[in-house]
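Report on the structure
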Amino acid sequence: MPVAPLHALVYQSQATRPLEASDLDMLLLDARINNELANVTGALIYGNQQFVQYLEGTRADVEQIYARITRASQHHRLEILEQGRVDARRFQRWHMGFADAPQGVVQQLSQAQWQRERPWVEDESSTSRGLSRLLAFWKEEAVLSR
Ligand SMILES: Cc1cc2nc3c(=O)[nH]c(=O)nc-3n(C[C@H](O)[C@H](O)[C@H](O)COP(=O)(O)O)c2cc1C
């Protein structure tokens, strides 16, 4: 059977209330179990009551997880920043990596340019600015804090 192509989706949203560490722990526990079953990987960045989340997997799996995410009560005003085909996973090891980000970082991510001029492929040169920033932040600063 041919391997289904990989798809990635990035969205931002706003928390409906300030979230405590314990709220985030519960959310991540639930998300990781579910993502593992669906073979979806990615990263969640939270700061200043805003989320930016990157999801990757087959298109059907990513869409199923995203549909679930849209129903969560802890956030609202979801907005897809970018989505498309990808050649490889970028968060292979993370069923949902998490990073608390300084306010400025989340703002930068949410205001970055996310649309690509060319299809989303592994080649760094065709990566949108938003995605480059997210990956750079993850590489340099993010540790699995939860
Ligand atoms: C910011 C955010 C990210 C989430 N990420 C995922 C995810 O990656 N995978 C998943 O299955 N569910 C995800 N969820 C859903 C949660 O795991 C959980 O189902 C939801 O928060 C339940 O809350 P509720 O019962 O108060 O609506 C996410 C929810 C939020 C708010």
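Residues numbered from 1 in each chain as written. Predicted model: local features only at pLDDT ≥ 70, side-chain atom pairs only at ≥ 80, totals over all residues. Heavy atoms only, no water.

**Some remarks on the packing of helix α3 (residues 103–111) against helix α4 (residues 129–140)**
- Relative to each other, α3 and α4 sit at 155°, their axes nearing to 8 Å. By the angle class used here, α3 and α4 are roughly antiparallel. For the pair α3 and α4, the crossing hand works out as left-handed. Each of Val105, Gln108 and Leu109 in α3 lies in contact with α4, whose residues at this interface are Gly130, Arg133, Leu134 and Phe137.
- Its residues assigned to classes, the contact of α3 with α4 comprises four nonpolar, two polar and one charged. (Axes fitted to C-alpha atoms, helices over the stretch in contact; angles between N-to-C directions. Helix = DSSP H or I, 4+ residues; strand = E, 2+ residues; numbered from the N terminus. Parallel < 35°, antiparallel > 145°, perpendicular 65-115°, else oblique. Left-handed = near helix turned anticlockwise from the far one by under 90°. Contact = heavy atoms within 4.5 Å. Nonpolar A, V, L, I, M, F, W, Y, C, P; charged D, E, K, R; others polar.)

**Looking at the site of the ligand**
- Taken together, 19 residues sit near the ligand, with Asp30, Asn34, Asn35, Ser73 and Gln74 positioned nearest.
- A distance of 2.7 Å separates a nitrogen atom of the ligand from a polar atom in the side chain of Asn35.
- Arg68 places a side-chain nitrogen or oxygen 2.8 Å from an oxygen atom of the ligand.
- In isolation the ligand exposes 630 Å². Once the protein is present, 82% of that is buried. (Near = heavy atom within 4 Å. Polar contact = N/O pair within 3.5 Å; in protein donor to acceptor, adjacent residues only side chain to side chain. Areas by Shrake-Rupley, 256 points an atom, 1.4 Å probe, with all protein chains shown as cover.)

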